[in-house]
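Observations on the three-dimensional arrangement
Here is how the chains run, residue by residue.
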Amino acid sequence: MFDSLRHTAAHDGYGVKMDSISRRKFLKIGGTSLALTAAAGPLGKAAAGSSRENVRGVQKIPTFCDLCFWKCGAIAYVEDGKLWKVEGNPLDPLSQGRLCPRGSGGVGAHFDPDRLKYPLMRKSLRGKEEWVQVTWDEALTFIADKMNKIKAEHGPEAMALFSHGIGGNFLKHLFKAYGSANIGAPSFAQCRGPRDVGFRLTFGEDVASPERTDIRNARCLVLIGSHLGENMHNTQVQEFSEAVANGASLIVVDPRVSVAAGKAKYYLPIKPGTDMALLLAWMNLLVSEKLYNQAYVDRYGFGFEQFAAEIQPYTPEWAYPETGIEPELIRATAREMARYLPATLIHPGRHATWYGDDTQRSRAIALLNALMGNWGVKGGFYYPVSMEVPAYPYPAYPHSDRPKVDNPDNRYPFAHEVNTNGIRKATISGVPYPVKGWFVNATNLIHALPDEQETIRAIQNLDLLVVIDVIPAEIAGWADVVLPESVYLERFDDLNVEWFREPFVALRQPVVAAPHDQKPNWWIAKKLAEKLGLGHYFPWKDVEEYLAYRLNTAGLDYGRLKREGIIRGEKQPVYFAEGVPDVFPTPSGKIEFYSLQLAQAGFDPVPKYTQPAPPPDGYFRLLFGRAPVHSFSRTQSNRVLMDMLDENEVWINQDIATRWGLKSGDYIRLKNQDGVISNRIKVKATERIRTDCVYIIHGFGHNARQLTYAYQKGASDAQLITRYKTDPIMGGTAMNVNFVTFELEA
Ligand SMILES: Nc1nc2c(c(=O)[nH]1)N[C@H]1C(S)=C(S)[C@@H](COP(=O)(O)OP(=O)(O)OC[C@H]3O[C@@H](n4cnc5c(=O)[nH]c(N)nc54)[C@H](O)[C@@H]3O)O[C@H]1N2
Ligand SMILES: Nc1nc2c(c(=O)[nH]1)N[C@H]1C(S)=C(S)[C@@H](COP(=O)(O)OP(=O)(O)OC[C@H]3O[C@@H](n4cnc5c(=O)[nH]c(N)nc54)[C@H](O)[C@@H]3O)O[C@H]1N2
Ligand code: SF4
Ligand SMILES: [Mo]
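1. A word on the sheet that holds strand 12 (residues 344-346)
Strand order in the open sheet formed by four strands is 10-9-8-12, with parallel pairing between adjacent strands. Only two strands of the sheet have a single neighbouring strand rather than two, namely strand 10 (266-268) and strand 12. Across the sheet, the axes of successive neighbouring strands diverge by a mean angle of 10 degrees, strand direction being ignored. With three bridges joining them, strand 8 (residues 220-224) and strand 12 adopt parallel strand pairing. Each residue of the ladder has a partner; that of Cys220, found in strand 12, is Thr344. Relative to strand 10, helix 13 (residues 327-340) is tilted by about 135 degrees, and along the sheet it contacts strand 8, strand 9 (249-253), strand 10 and strand 12. Strands in contact with helix 14 (residues 358-372) are strand 8 and strand 12; relative to strand 12, the strand with the most contacts, it is inclined by about 175 degrees.

2. What to know about the site of ligand 2
Close to ligand 2 lie 30 residues; His164, Thr443, Asp469, Glu485 and Ser633 are nearest. Here Ile468 contributes a backbone N or O atom positioned 3.1 Å from a nitrogen atom of ligand 2. Alone, ligand 2 offers 930 Å² of accessible surface; in the complex the protein occludes 97% of this. At the level of secondary structure, the elements contributing two or more residues to the shell around ligand 2 comprise helix 7 (186-203), helix 16 (445-448), strand 14 (464-469) and helix 24 (717-720). Among the elements that make up the shell around ligand 2, the one with the highest residue count is helix 7 (three residues). Within the shell around ligand 2, the residues separate by chemical class into 14 nonpolar, nine polar and seven charged.

3. Notes on the environment of Val694
The residue Val694 is located in strand 24 (residues 693-697) in this model. Under the relative-accessibility criterion, Val694 is labelled buried at 0%. For Val694 and Pro327, which are 367 residues apart along the polypeptide, the C-alpha to C-alpha distance reads 26 Å. In contact with Val694, other than residues within four places in its own chain, are Phe620, Arg621, Leu622, Leu623, Val650, Trp651, Ile652, Ile689, Val740 and Phe742.

4. Topic: the side chain of Asn736
Position of Asn736 relative to the elements: it lies in the loop between strand 26 (733-734) and strand 27 (739-744). For Asn736, a relative accessible area of 7% translates into the label buried.

5. Topic: the environment of Arg331
The topology assignment puts Arg331 in helix 13. For the pair Arg331 and Gly731, spaced 400 residues apart in sequence, the C-alpha separation works out to 34 Å. Reaching out from Arg331, the side chain makes a polar contact with the side chain of Glu317 at a distance of 3.1 Å.

6. A word on the packing of aromatic side chains
In total, this model carries 37 aromatic pairs according to the counting rule given. Consider the rings of Trp354 and Tyr355, whose centres lie 6.2 Å apart with planes at 85 degrees: the pair is edge-to-face. Owing to a relative accessible area of 14%, Trp354 belongs among the buried residues under this scheme. On the basis of relative accessibility, which here comes to 9%, the residue Tyr355 falls in the buried class. Following the ring pairs from residue to residue traces out a cluster consisting of Phe199, Phe203, Tyr296, Tyr300, Trp375, Phe381, Tyr383, Phe576 and Phe584. Positioned above the aromatic ring of Tyr667, the side-chain terminus of Arg680 is 4.2 Å from the ring centre. The ring of Tyr709 has Lys713 lying over it, and the distance from NZ or CZ to the ring centre is 4.1 Å.

7. A word on the pairing of strand 23 (residues 681-686)
Sheet topology note: the strand 21 (residues 649-653)/strand 23 ladder contains five bridges and is parallel. Following the sheet pairing, Asn653 is matched in strand 23 by Thr686. Two strands pair when backbone bridges link them, and strand 22 (residues 667-672) and strand 23 are joined in this way by two bridges, in the antiparallel orientation. Counted as the bridge partner of Ile668 is Ile681 from strand 23.

8. Regarding the domain arrangement of the chain
Examined at the domain level, the chain breaks down into domain 1 (39-114 + 489-518 + 540-569), domain 2 (212-384) and domain 3 (620-744). The distance between the C-alpha centroids of domain 1 and domain 3 comes to 34 Å. On the side of domain 3, 16 residues touch domain 1, which itself brings 14 residues to the contact. Here domain 1 packs against domain 3, burying approximately 1000 Å² in sum over the two surfaces, 53% of which is carbon and sulfur. The largest contributions to the domain 1 side of the interface with domain 3 come from Leu67, Arg102 and Asp114, which together make up 44% of the buried area. Taken together, the links from domain 1 to domain 3 amount to two salt bridges. The shortest N-O distance in the salt bridge between Asp114 and Arg639 comes to 3.4 Å. Counting across the domain 1 and domain 3 interface gives eight residue pairs in polar contact (both at pLDDT 80 or more).

9. With respect to the pattern of salt bridges
Close approach of charged atoms allows side chains of opposite charge to pair. Under the definition given, this model contains 51 salt bridges. We note a salt bridge from Arg192 to Glu417, for which the minimum N-O separation is 3.3 Å. Taken together, the residues Arg192 in helix 7 and Glu417 in the loop between helix 14 and helix 15 (420-429) connect sequence positions 225 residues apart. By relative accessible area, Arg192 is classed as buried at 12%. Taking relative accessible area as the criterion, Glu417 reaches 32% and is therefore assigned partly exposed. Connected via shared salt-bridge partners are Arg192, Arg195, Asp196, Glu211, Arg350 and Glu417.

10. Some remarks on the site of ligand 1
Around ligand 1, the surrounding shell holds 33 residues, and the nearest of these are Asp254, Arg256, Asp275, Tyr355 and His630. Protein burial of ligand 1: of its 920 Å² of free accessible surface, 99% is covered by the chains. For the shell around ligand 1, the element with the highest residue contribution is strand 20 (residues 620-625), accounting for three residues. Shared between two domains, the shell around ligand 1 takes at least three residues from each, and those domains are domain 2 (212-384) and domain 3 (620-744).

11. Digging into the packing of helix 9 (residues 275-288) against helix 12 (residues 316-323)
In the contact formed by helix 9 and helix 12, the axes pass within 9 Å of each other and the chain directions differ by 165 degrees. Relative to helix 12, the element helix 9 is oriented roughly antiparallel. Regarding helix 9 and helix 12, the two cross each other, and that crossing is left-handed. Between helix 9 and helix 12, the residues in contact are Ala277, Leu278, Leu280, Ala281, Asn284 and Leu285 and Pro316, Trp318, Ala319, Glu322 and Thr323, respectively. For the contact of helix 9 with helix 12, a count of residues per class yields eight nonpolar, two polar and one charged.

12. Comments concerning the nonpolar core
Counting residues in hydrophobic clusters, the biggest one holds 71 residues, and the most contacted among them are Trp282, Phe307 and Leu371. If sequence neighbours within four positions are ignored, Phe307 has contacts with Met283, Val287, Leu367, Leu371, Phe593 and Val606. Residues Met121, Val134, Ala144 and Leu507 belong to the second largest nonpolar core, which totals 53 residues.

Criteria and cut-off values
- Residues numbered from 1 in each chain as written.
- Chains lettered and ligands numbered in written order.
- Predicted model: local features only at pLDDT ≥ 70, side-chain atom pairs only at ≥ 80, totals over all residues.
- Heavy atoms only, no water.
- Pairing = 2+ DSSP bridges.
- Helix = DSSP H or I, 4+ residues; strand = E, 2+ residues; numbered from the N terminus.
- Axes fitted to C-alpha atoms, helices over the stretch in contact; angles between N-to-C directions.
- Contact = heavy atoms within 4.5 Å.
- Near = heavy atom within 4 Å.
- Polar contact = N/O pair within 3.5 Å; in protein donor to acceptor, adjacent residues only side chain to side chain.
- Areas by Shrake-Rupley, 256 points an atom, 1.4 Å probe, with all protein chains shown as cover.
- Nonpolar A, V, L, I, M, F, W, Y, C, P; charged D, E, K, R; others polar.
- Buried < 20%, exposed > 50% of the residue type's maximum accessible area, 1.4 Å probe, protein only.
- Phe/Tyr/Trp six-rings, centres within 6.5 Å; stacked < 30°, edge-to-face > 60°.
- Lys NZ or Arg CZ within 6 Å of the ring centre and 35° of its normal.
- Domains from an automatic or database assignment.
- Buried area = accessible area lost by both parts, 1.4 Å probe.
- Salt bridge = Lys/Arg side-chain N within 4 Å of Asp/Glu carboxyl O.
- Parallel < 35°, antiparallel > 145°, perpendicular 65-115°, else oblique.
- Left-handed = near helix turned anticlockwise from the far one by under 90°.
- Core = buried A, V, L, I, M, F, W, Y, C linked by side-chain atoms within 4.5 Å.

In structure tokens form, the structure reads like this:
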């Protein structure tokens, strides 16, 4: 673990300190954690499907990571039956044998002493963390009775599932079998939704995850907020370093000097919320100076003339007062992009829910890429491929006459996944029909959805809230029943049949046994199905029978997958030049510079700019992002990762700090426009951020007392995000619309 960390850290130059002291501490934690397991009680109670704890010596077991959703292939080392370390699987095209620091620190999830250990049921009021320990049978019987009652009184659609990640696949299957398609994840309406919709409207296809960005071959890379190097999606970061090492020109647009901005040829410290103005000015210049890829646009573009006419007013001089970026810098960067086309890639970003016009901003990014002529082209966007592994032949799901609950009257006409916030809204209003039960799996809705009070109001309307988690996160505090899942290193999950540069399939399998009475998701789903009378939807004896069946029908060897963790397929064409058909599944069959679909639905067919509301006097826009060693709100209980970074800081511009009499290291509280006050947070006074905003890392500031290690370390952005703007096109929740001021410690 030490080696792989050092390797990645040296390679990518993260902003974390990896000095010799923290390295030593890191190793020591690895050592003490072995003692922790011994103290944790007898192993092997749970269904890990192995007796590895009895084996002497070192075993290497392949699996894939779950510290985020990138799903890197990993190899876990088990020494004398105890988990030792996790490294990258060299066979895996995603990780190429190297994990990011979070992946390396994954062992901390297994050893976390704050883990949920047994099923729990509420003893008193919702929101009070008071529980009684129950058996699995008691918990599942209680849940099944409630679910049957809800079905009888309100129909099956009155149960909703929030589930993030591949771990929830069997639970999603259970919900569909039960009769509800109200299944959502924050990865759409709180994350990449507007981006995917913006790109779909333009090219007819999503950017998907892992993103189909050919960063490795880009000769000019433009990052608009995408803070690669802090945002640690493994393949992207590796390709980013490779591209930079090969001399790719880097342009970074960010109100804050991110790690990536530090490496840029051009850094544009934009006024937050004005990227659309910059994008329009860039496109205006490329078109008016005829610097764009004319052959490509002539061949593949639809509605280019109208588009060109619409963007005419948006000159660099017009954009200057909006963005704070000087016209000459706008010109220079547009020309730089044109110099390298078609191998100029404007990264589509991922967490796109910023200001409320996010689908249109993403569409502008899509159009700028189209002007480069890079879709289907090396150094731009490739066409991902995958293995053919058929789904398991389950019985058909019951038919429902009721549409999904989250988008009544198709208010957000281009939402192609369920909006979590739409479910929340319906739970409060009962419109278009009542929602009476939530199942929440692997998503901490208190930190993931904006406006915590709205989430709590919805919860108070429920007859049943079940939370499946690995630690007592904030959302578990609100549950009627808490079910403890085994962590990824202790369980099988569904196959990862990935869409990527090359086809492959990956297996997650248990490396060690769960230390207490934790169970894997597939087991929970199957047992609950049986109690609900839906056992025939889970006809396999156990998950291995399911996995082997799917592999066999694909003509692949399950035994080999267990041994190697990854089976790769034949390379396939990924660019137009290699034979990928150059068709665009849009209504016009072309790249839509002008969108009739949008026009018909009453939206701007070509993106327009709206000025963001400025901060009130004495307030600063609250911005947030990622730390290389943490994932969202899920890793602050992981001792290994906390050893590297155990609280967040608030970045405040040096001049502002001086004016407020603040210096780095001081503790303050942040107060937002609605009077909500954060936990204490350490000041980082720096020249590396604009004066009109502050920045914190998302995920800290836990207020669940049972997270003994994470409790009140740092401040939570989520708590301060009491306002959000809804994207009119797809219903996503823009969160960069909150402002904070400082409360000095007495
Ligand atoms: N280590 C780590 N990596 C992760 C994750 C994680 O939890 N931990 N999560 C993954 C996931 S699911 C996602 S979605 C991605 C999210 O990562 P990204 O998609 O890269 O980005 P965001 O978190 O939205 O953006 C944060 C950056 O945008 C800048 N920014 C804020 N406002 C503006 C603005 O108005 N204009 C511009 N141009 N920039 C602005 C901030 O200063 C910051 O640098 O990260 C992924 N990678
Ligand atoms: N304020 C604010 N909100 C945001 C963001 C932000 O930057 N700021 N980012 C947005 C983005 S981009 C995204 S993708 C979402 C992410 O939203 P989520 O995916 O909800 O992220 P987390 O907050 O990490 O919550 C994950 C929960 O899953 C639990 N968990 C971890 N491993 C397992 C497991 O193996 N099994 C089970 N059952 N549970 C497990 C964790 O303990 C934690 O409670 O948040 C969005 N919301
Ligand atoms: S990017 Fe890091 S945390 Fe995410 S799956 Fe890969 S190694 Fe794990
Ligand atoms: Mo995300």
